[in-house]
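Each chain is listed here by its residues.
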There are 2 protein chains.
Amino acid sequence: MSDDKKLTTRADNFSDWYNELVLRSELADYSPVRGCMVIRPWGYGIWERMQRALDDMFKATGHVNAYFPLFIPESFLSKEAEHVEGFAPECAVVTMGGGKQLEERLVVRPTSETIIYSMFAKWVQSYRDLPLLYNQWANVVRWEMRTRLFLRTMEFLWQEGHTAHATHDEAEEETRRMLGVYRTFMEEYMAMPVITGQKTDAEKFAGALRTYCTEAMMQDNKALQAGTSHNLGQNFAKAFDLTFQNEAGQQDHAWNTSWGVSTRMIGGLVMTHSDDAGLRLPPRLAPTQMVIVPIWKTDEERAATIEAAKRIAEDLGSFKRPDHERIRVHVDERVGIKPGAKYYHWELRGVPLRMEIGPRDLASSSGMLVRRDTREKRSIAFDVLRTELPVILDTIQADMLAAARERLEANSHRGDITYDRFKEIMDGPGGFVYAGWNGDPAVEQRVKEETKATIRCIPDAEFRSPNAPTTCMVTGEPAKYEVIWARSY
Amino acid sequence: MSDDKKLTTRADNFSDWYNELVLRSELADYSPVRGCMVIRPWGYGIWERMQRALDDMFKATGHVNAYFPLFIPESFLSKEAEHVEGFAPECAVVTMGGGKQLEERLVVRPTSETIIYSMFAKWVQSYRDLPLLYNQWANVVRWEMRTRLFLRTMEFLWQEGHTAHATHDEAEEETRRMLGVYRTFMEEYMAMPVITGQKTDAEKFAGALRTYCTEAMMQDNKALQAGTSHNLGQNFAKAFDLTFQNEAGQQDHAWNTSWGVSTRMIGGLVMTHSDDAGLRLPPRLAPTQMVIVPIWKTDEERAATIEAAKRIAEDLGSFKRPDHERIRVHVDERVGIKPGAKYYHWELRGVPLRMEIGPRDLASSSGMLVRRDTREKRSIAFDVLRTELPVILDTIQADMLAAARERLEANSHRGDITYDRFKEIMDGPGGFVYAGWNGDPAVEQRVKEETKATIRCIPDAEFRSPNAPTTCMVTGEPAKYEVIWARSY
Ligand SMILES: [Zn+2]
Ligand SMILES: [Zn+2]
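Looking up chain A in an unreviewed UniProt entry gives the name Proline--tRNA ligase, with the organism given as Gemmatimonas aurantiaca. A UniProt comment under Catalytic activity (unreviewed entry) is attached to chain A, and it reads "tRNA(Pro) + L-proline + ATP = L-prolyl-tRNA(Pro) + AMP + diphosphate". Database annotation for chain A, UniProt heading Subcellular location (unreviewed entry): "Cytoplasm".

Listed below in structure tokens is the structure:
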């Protein structure tokens, strides 16, 4: 498909828009293996930047990286009852190895609690060995029937944190800390505002005591669960004999946490910011932050504008801001492609800034700078690029977060909402509905069946409504919690 | 096993020494899955530094990262005849997914030529789309019967570069360029000297036109193949219809290269530098470059020495040298463990520098600095640490390479060596034997059967002997090549 065909618009068909955009911006492609995708360099460049930022944050909070096997003996999965129930149906299973049938079948990890805590059990003897604060960057496989690029794929890339602690409270603190790290990352890097809160029992991780999550709102007003952090209690420690001698000299089971985010975030990034012309990437995650398009008619002009563009790219690339990284600049010097087609190309790919340099600009030592997010245009002198570009990039980053935050609030419904009105919202514009819930799983199940909406979370205090509803939206009984309802990915 | 038990010595049993060292220095551990290992944080920290350095070098030579599926349809593997012959016997095969038998079985990638070139075929139309210069960081699985920690494991981590070019010569240039990158990395980061050269047909990659390799010598005088770079010719392009329209307007098959290094390098690092007291890590790859051990008797002394140590660590950690990275310092403030036990602990783990700070040192604002490689001791004033430590670390790095180079040369046998003498060397001290070969695969096979030695490579010009042998060591016929024989891992 060539670059000049228009995308389906979001209003026309959000789902088609998303798929076309991911493919045409070359973030990813379908692969010959059903349900598995190829992450192309432009998509992987975003993932690399996500990894780097998160990894630095994990290390700053005391975590170390390690690597555990891809394969898990089938018997391990069964040791924690809820866990096996949750994951066994979606496992890929290796039954043959080296040309022979295996005695014990191996599951391709859908998540690594079982194998990791079996190793922790080997390494931990005393409270002095705790806490263990581990993280792993890895691929995992879950056999999904309906897949969507980035959002739900059979194989995906993620990080999974796994920790062991001496007490419940320490584990709880860690679980909440990492949820906070995710929130910070999503807001400050992805420019994607999220609600943090706790999952209901029906929605929690298979084997966890409590699951916390970050929920973001996409442009079609559906929710995307972007990250989860689990307090696993002593469930896995009991299943895998992860015990330690406590300070009092007694044997005790350790307390575990696990937490993860994945390449799914790239889908969230796309659906949070992009428009009908293509991606809009926040500067901190954009593989290229500014593209320079030299404009020429004659060979002489071509040589001069390309030379100027390259000099600028080199100067900016070698300039290290004290608090940030180098500015990532690309010069589009392709021959035989019109400037307009180049603009289109880079708009589709979401590069935050474009600078056009023609012969007349060159004469005044300036370029025409265009913001991808607002399409705002201004002339900028070459000699202020070093000082002004960092400010402009920071402004774009902040503006994108503010715009997304505004959209989130505009599509959040608070106040006394009847169940009938709720159904209208879900069948109409969608969005997040803050409502009272009596805490009964049967009510949760009924709403899900009738409206396809689920409780996204019991929001943390700072996200609760100033006047929280006092009665259950469905039964009229006293509300036990204020919860957020939405349809979701 | 506690830290104070002595390691088996290299002289006693090199293989036991290696296994014990890898386990006790906590580089890795055995896992519950046969043949798969766990890479522990200390080992993974080395791998992360290897990744970072290589990744920077790949990007500096124009490559981009991407990610392709873990699973490969079984039929793909069969499309290149030599390739399937080489890899099919060592594949892990997924036959079940989502609780059902699969229609087409999926192979867990042993390497990704087939899946990657099938995607390249989709993306490349014209010579303008070439070259494609891709790299992927990934896990791969090869069903090995006899495994060794890092050296040969069922699953391992690696990078695999995959490129497509318009001409044979461009592909050949790329193949050689990446071999050069590997050599530079191994010498400058691992402080591990290598011989570069070409594999014989018997030893080349399944499906390649030519395979180039880097060969290092371990302390038991056996060879370790540390990296390979393949010119794949048009073999895979023909199998996967990777065609393009060339400048003359005709359809042509692309030329591919692939190249890879893996966590096996960590095994090479251990066997190149370590001694009977433990690891010796080159400073550029050491997760911690200096450990500070505060020494105290009274609580007051404890507070004072720890405080000084932390101040130094912080100062060095925040000090960015213009050409290098931050100095990585750890303060061992553990209570209840004697200084001697701490020295032992960090020697075992190979930290290049140790600084002891006792109350008397503190009084003179200096510490006792001990090099892990030479065990050399000297007093160093706190106020010259910033300027002197970088120099000392660079010196250690250079000294380690020089020492390894000397050992390599000392155990290389050149000149006219009879086949009888050759057998004596192989059954005795081992090492690299430079000898003439008539080019006949039957001779190569015979020597392998009789001596367990293989041709490691036909060395590149700069590694050839000044007076290269003119006759074949085995047959006495005229030599076609000078080759290097050795037993290997
Ligand atoms: Zn137990
Ligand atoms: Zn063909």
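Draft legend 1. Expanded view of empty space enclosed by the protein. Residue and element names in this part refer to chain A. Tallied over the entire structure, the rule returns 5 cavities of 30 Å³ or more. Estimates place the volume of the largest cavity at around 80 Å³. Residue lining of the largest cavity: Val 291, Tyr 343, Trp 346, Glu 347, Val 351, Pro 352, Leu 353, Arg 354, Val 370, Arg 371, Arg 372 and Arg 375, and that is the complete set. Every element with two or more residues in the lining of the largest cavity is listed here: helix H10 (339-348), strand E17 (353-357) and strand E18 (366-371). A total of 3 residues in the lining of the largest cavity trace back to one element, the largest contributor, which is H10. Within the lining of the largest cavity, the residues separate by chemical class into 7 nonpolar, no polar and 5 charged.

Draft legend 2. Broad picture of the pattern of salt bridges. Residue and element names in this part refer to chain A. Applying the stated criterion across every chain, the model contains 67 salt bridges over all chains. Across the salt bridge formed by Arg 152 and Glu 144, the nearest N and O atoms sit 3.6 Å from each other. Take Arg 152: its relative accessible area is 33%, and that puts it in the partly exposed class. On the basis of relative accessibility, which here comes to 17%, the residue Glu 144 falls in the buried class. Across the pair Glu 215 and Arg 456 runs a salt bridge, and its minimum N-O distance is 2.9 Å. Of this pair, Glu 215 sits in strand E10 (residues 210-217) while Arg 456 sits in strand E22 (residues 454-459); the two residues are 241 residues apart in sequence, bridging distant segments of the chain. Pair check on accessibility: Glu 215 and Arg 456 agree, each one buried. Linked through salt bridges whose partners overlap, the residues forming this network are Glu 347, Arg 354, Glu 356 and Arg 375.

Draft legend 3. Here's a closer look at the interface of chain B and chain A. Chain B puts 53 residues into the contact, and the matching count from chain A is 53 residues. Interface area for chain B against chain A, summed over the two sides, is near 4,300 Å², with a carbon-plus-sulfur share of 64%. Where chain B touches chain A, the interface holds 4 salt bridges. With a shortest N-O distance of 3.1 Å, Asp29(A) and Lys122(B) are connected by a salt bridge. Counting across the interface, chain B meets chain A through 26 residue pairs in polar contact (both at pLDDT 80 or more). When its residues are assigned to classes, the side of chain B that touches chain A shows 35 nonpolar, 8 polar and 10 charged. Pairing between strand E5 (residues 92-97) of chain A and strand E5 (residues 92-97) of chain B: 5 bridges, direction antiparallel. Looking at the pairing, Val93(A) lines up with Met96(B) of E5(B).

Draft legend 4. Focus on helix H9 (residues 299-318) of chain B. Residues and elements named next belong to chain B. Taking 1.5 Å per residue as the helical rise, H9 with its 20 residues ought to reach 28 Å, and the 28 Å between its terminal C-alpha atoms agrees with that figure. When we look at burial in H9, the residues that qualify are Thr 305, Ile 306, Ala 308, Ala 309, Ile 312, Ala 313 and Leu 316. Along H9, the residues classed as buried sweep out an arc of 160° about the axis, all on the same side. Counted as exposed and oriented over 90 degrees from the buried face of H9: Asp 299, Glu 300, Arg 311 and Glu 314. Close packing links the buried residues of H9 with strand E15 (290-294), strand E16 (329-331), strand E17 (353-357), helix H11 (359-363) and helix H12 (385-410).

Draft legend 5. Inspection of the coordination of the zinc ion (ligand 1) at higher detail. Residue and element names in this part refer to chain A. At 2.3 Å from the zinc ion (ligand 1) lie its protein donor atoms, namely Asp 241 (OD) and His 253 (NE2). Placement of Asp 241 in the loop between helix H7 (235-239) and strand E12 (243-245) and of His 253 in strand E13 (residues 251-253) is noted, with a sequence separation of 12 residues between them. When its relative accessible area of 23% is taken as the criterion, His 253 is described as partly exposed.

Draft legend 6. Structural detail: the side chain of Thr211(A). Along the polypeptide, Thr211(A) turns up in strand E10. Side-chain polar atoms of Thr211(A) contact the backbone nitrogen of Phe205(A), separated by 3.0 Å.

About the thresholds
Residues numbered from 1 in each chain as written. Chains lettered and ligands numbered in written order. Predicted model: local features only at pLDDT ≥ 70, side-chain atom pairs only at ≥ 80, totals over all residues. Heavy atoms only, no water. UniProt positions renumbered as here; feature names shortened; annotations may be inferred. 1 Å grid on protein atoms, 1.4 Å probe; cavity = no way out; pocket = protein on both sides within 12 Å on 5 of 7 lines; lining within 4 Å. Points joined across faces, edges and corners; volume = space filled by probe spheres on them. Helix = DSSP H or I, 4+ residues; strand = E, 2+ residues; numbered from the N terminus. Nonpolar A, V, L, I, M, F, W, Y, C, P; charged D, E, K, R; others polar. Salt bridge = Lys/Arg side-chain N within 4 Å of Asp/Glu carboxyl O. Buried < 20%, exposed > 50% of the residue type's maximum accessible area, 1.4 Å probe, protein only. Contact = heavy atoms within 4.5 Å. Buried area = accessible area lost by both parts, 1.4 Å probe. Polar contact = N/O pair within 3.5 Å; in protein donor to acceptor, adjacent residues only side chain to side chain. Pairing = 2+ DSSP bridges. Expected span 1.5 Å × (residues − 1). Arc of directions from axis to C-beta. Donors = N, O, S within 2.8 Å, 3.2 Å for Na, K, Ca; no water.

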